[in-house]
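# Report on the structure
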Amino acid sequence: MNSETTLSPMSVGRYTNAEGLPTPLPYSSEEAERARRAITRVLNTFHFRTGSNIMITALFHEGAQLMPLERAIMSYGMVAVSADSSPYDAKRVESITRRFQLAGAAGISADTLTGLEQLGFNPEDVFANMVVWARSDAYEQLKAIPSLDVYHLIELGPAVAIECSHGSGAHIDRFEWKTEEQDGEIVLTNRLARSTPFQHYKTGVKGRILHDACQCGNADPRIELNP
Amino acid sequence: MAAINDDRFFDADIETMPRDQIEKLQEARILQLVPYVYQRSPLVKSLWNEAGITPDDIRSLADFKAKVPFMDKDMIRDYRDKHDDPFGGLACATAPHLRGVGFTSGTTGDPTPLPRSEDHISLTGLKREMWHMGVRSNDYMTYMLFTFRDGLNADKWLESGMRPIAIQHLPNEIPYFVQVSRQLRPKAMFMLSTPVILTLEQYQKNTGEDLREAFSSYQGAVFGGEPLSPHLRSLVESWGLEIFELSSLGDIATTMECKAHDGMHTWEDLALVEHLDPEKNEPVADGTRGELVVTALADDVGPLIRFRTDDLISFTRQPCTCGRTHGRLKPLGRKGDEMLIQGKSILPIDIFPLIGNVKETSSGLFQLIRPQREADILNLRVGYDQNSLETPTDELAGRLTDLISSKLDIPVNIHLTDNAELLKNGPPNKIPRVTKS
Ligand SMILES: [Zn+2]
């Protein structure tokens, strides 16, 4: 890569830097489009019907990470129903799951689960009969409910990894990122020009990288979290 | 007609369109919309059938304004509940033309869904406003959407060249907001609300930071959500910011002040604006009080048709000194808050500046006591600050009575209450402006 090259930003989102501080993340429309294509490779493995509704819960500053998921849902021919992943918006999350026939719910956070609990709703009922992509802080709680169909959505600073229908690790875009393991931690380096370059960025996520062929047919490597 | 090439405007052809051309454009859009919504929106079909109207009856803008039945929030909710339709009978399209669903803030009951296509219509107007404030290609603007209700839409600013910095609209984001303002030096601040201003004030006190310096790159700050109190206005101005007030145009688009600060521009290519007598449903004169009724002109996914907003406004179609030709409104309050005192319309907005200018009551805490809409005398509960009291309370009550009855030309009965007592009636620093007793 020519590391001198940076792309002109379309917008500024945010990520958490190695010191745990919120940091502005300028990103370009090209990055967003490339990420949309990578996420589409994962979405395709579920064979959703076009016209289905998928709820996406996010925070407003997560554009670099989750706007590509929203756009992938739309370009597939599905409808993205939006809610906030903060505890304050759990009421809307519940209302959406009740009123819209959802094929999936993406980005469910521990904050949403806390909010639902405070309102007296049981996740087992709220997320019944749909694909659920849970963030790492909500994954264990939801995965423990046998009736739910739960997959990983792993936040990796400027990137996200998303689990396919085969459920054996979350795929990360192999064209965009050189994904490495350093002392058990996932480390990212960008392979293509971006607005904000990342060299050996320590994600803080403990796990290992699987490069073997996934049963879903997607050649993007997978991240498996340490238990 | 020569094309307008004027850098003051983001969309000069639209923003400065002569009145007759605006109406021509509206009529063209309405005549396309009428058969479309009748065939596709189940709520529209049922309302029009009930009224005995068909698309054949509507051959002009005038026909539309005279014959098409109104809709309101209750009708949409009723349809939703009766037919188990999340869109309340408003949706005219399915995926893939239907792309996403956002929501109104929904502080009361279930939030109302806002279906959308590839276009985000509410941003169409906002781009004009941000350009007017001074944002140009490659400039940053802080983007703290008041309620996150439209999905992750930062890419929808692309064709304006502006670069939104997405920040959550939450008090605990204030340190980050100040940090980013220094780091990226944005041109516009979108947007402030009462809680955000109060948190900034506290932040300045706690950290001693120079907000005037931190905010020195901003050419304007948008405020919305409720009327701006004189205290908060002077606070924001002390940080060197010019305030542009913003409101919702019945959930179709936004409406915002320009640098003339003489009313908020309504984008009449996006919404047909009607300004009607709330009781008789007839148009009222420019500059008088009427209810805002809107029809979406650029939405083919879930357009509102003659939607009664319950918002009282004053409205003028006089061109603005800024060069724009679209109508301007001033929000006055909610229809359900209006009182008729001996036939004269009184709203909380009439009381606000009067109370705010008296030292003991400058916190601006008051309530109209409204057992019903009409009354012979205005009963007003007013909060006072114990610490700034210099005279007996009955003397203060007398001063307030004289002030309000002379300014508004109505009889007034003042009920004084300690601020702390009055604040028990509502959430922090806010009380209902109208109460039954
Ligand atoms: Zn103007």
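Residues numbered from 1 in each chain as written. Chains lettered and ligands numbered in written order. Predicted model: local features only at pLDDT ≥ 70, side-chain atom pairs only at ≥ 80, totals over all residues. Heavy atoms only, no water.

This part covers the overall build of chain A. Within chain A, the secondary structure is distributed over six helices and 13 strands. Over its C-alpha atoms chain A spans a radius of gyration of 17 Å, differing by no more than 12% from the 17 Å that the globule rule assigns to 227 residues. For chain A, the C-alpha atoms occupy an extent of roughly 50 × 35 × 35 Å along the three principal directions. Here the contacts in chain A between residues at least 6 apart in sequence split such that 56% fall between residues at least 24 apart. Accessible surface, chain A: about 9,300 Å² in total, of which carbon and sulfur atoms supply 46%. For chain A, the distance from the average site of its 21 positive side-chain charges to the average site of its 28 negative ones is 5 Å. (Helix = DSSP H or I, 4+ residues; strand = E, 2+ residues; numbered from the N terminus. Rg over C-alpha atoms; globule rule 2.2 N^0.38 Å. Contact = heavy atoms within 4.5 Å. Areas by Shrake-Rupley, 256 points an atom, 1.4 Å probe, with all protein chains shown as cover. Lys, Arg positive; Asp, Glu negative; His and termini not counted. Charge placed at Lys NZ, Arg CZ, Asp CG, Glu CD.)

This next bit is on helix 6 (residues 121-133) of chain B. In an α-helix there are 3.6 residues to a turn, and that puts residues three or four apart on one side. The buried fraction of helix 6 of chain B is high, at twelve of 13 residues. At the C-terminal side of helix 6 of chain B, Gly134 of chain B shows a positive phi close to 125 degrees. (Buried < 20%, exposed > 50% of the residue type's maximum accessible area, 1.4 Å probe, protein only.)

Turning to the coordination of the zinc ion, a few remarks are in order. Residues and elements named next belong to chain B. Coordination of the zinc ion by the protein involves Cys258 (SG), His265 (NE2), Cys320 (SG) and Cys322 (SG), with metal-donor separations of 2.1 to 2.3 Å. One can describe the donor arrangement at the zinc ion as tetrahedral, given that its four donor atoms subtend angles of 104 to 117 degrees at the metal. Each donor residue of the zinc ion belongs to the same chain, with the gaps between them written as C-x6-H-x54-C-x1-C. Taken together, the residues Cys258 in the loop between strand 8 (253-257) and strand 9 (264-265) and Cys320 in the loop between strand 12 (307-316) and strand 13 (328-334) connect sequence positions 62 residues apart. What makes Cys320 buried here is its relative accessible area of 8%. (Donors = N, O, S within 2.8 Å, 3.2 Å for Na, K, Ca; no water. Tetrahedral: all angles 85-135°; square planar, octahedral: opposite > 155°, others 65-115°.)

Let's shift gears to the state of the cysteines. Enumeration over the complete set of coordinates arrives at zero disulfides over all chains. Among the cysteines around Cys216 of chain A, which has no disulfide bond, Cys214 of chain A carries the closest sulfur, lying 3.5 Å off. (Disulfide = S-S within 2.5 Å.)

What follows deals with the interface of chain B and chain A. Contacts between chain B and chain A engage 44 residues on the former and 41 residues on the latter. Carbon and sulfur atoms make up 59% of the surface buried where chain B meets chain A, a total of about 3,500 Å² over both sides. Where chain B packs against chain A, one counts four salt bridges. As a salt-bridge pair, Arg14 of chain A and Glu173 of chain B come within 2.6 Å of each other at their nearest N and O atoms. Inspection of the chain B/chain A interface yields 14 residue pairs in polar contact (both at pLDDT 80 or more). Elements with a contribution of two residues or more to the side of chain B that touches chain A: helix 5 (73-83), strand 1 (100-103), strand 2 (113-116), strand 3 (140-143), strand 4 (163-166) and helix 7 (174-184) of chain B. With five residues, the top contributor of residues to the side of chain B that touches chain A is helix 7 of chain B. In terms of residue class, the side of chain B that touches chain A is built from 25 nonpolar, ten polar and nine charged. (Buried area = accessible area lost by both parts, 1.4 Å probe. Salt bridge = Lys/Arg side-chain N within 4 Å of Asp/Glu carboxyl O. Polar contact = N/O pair within 3.5 Å; in protein donor to acceptor, adjacent residues only side chain to side chain. Nonpolar A, V, L, I, M, F, W, Y, C, P; charged D, E, K, R; others polar.)

As a further point, take the domain arrangement of chain B. Split by domain assignment, chain B resolves into domain 1 (12-121 + 252-335), domain 2 (122-249) and domain 3 (338-435). Measuring from the centre of the C-alpha atoms in domain 2 of chain B to the corresponding centre in domain 3 of chain B gives 32 Å. (Domains from an automatic or database assignment.)

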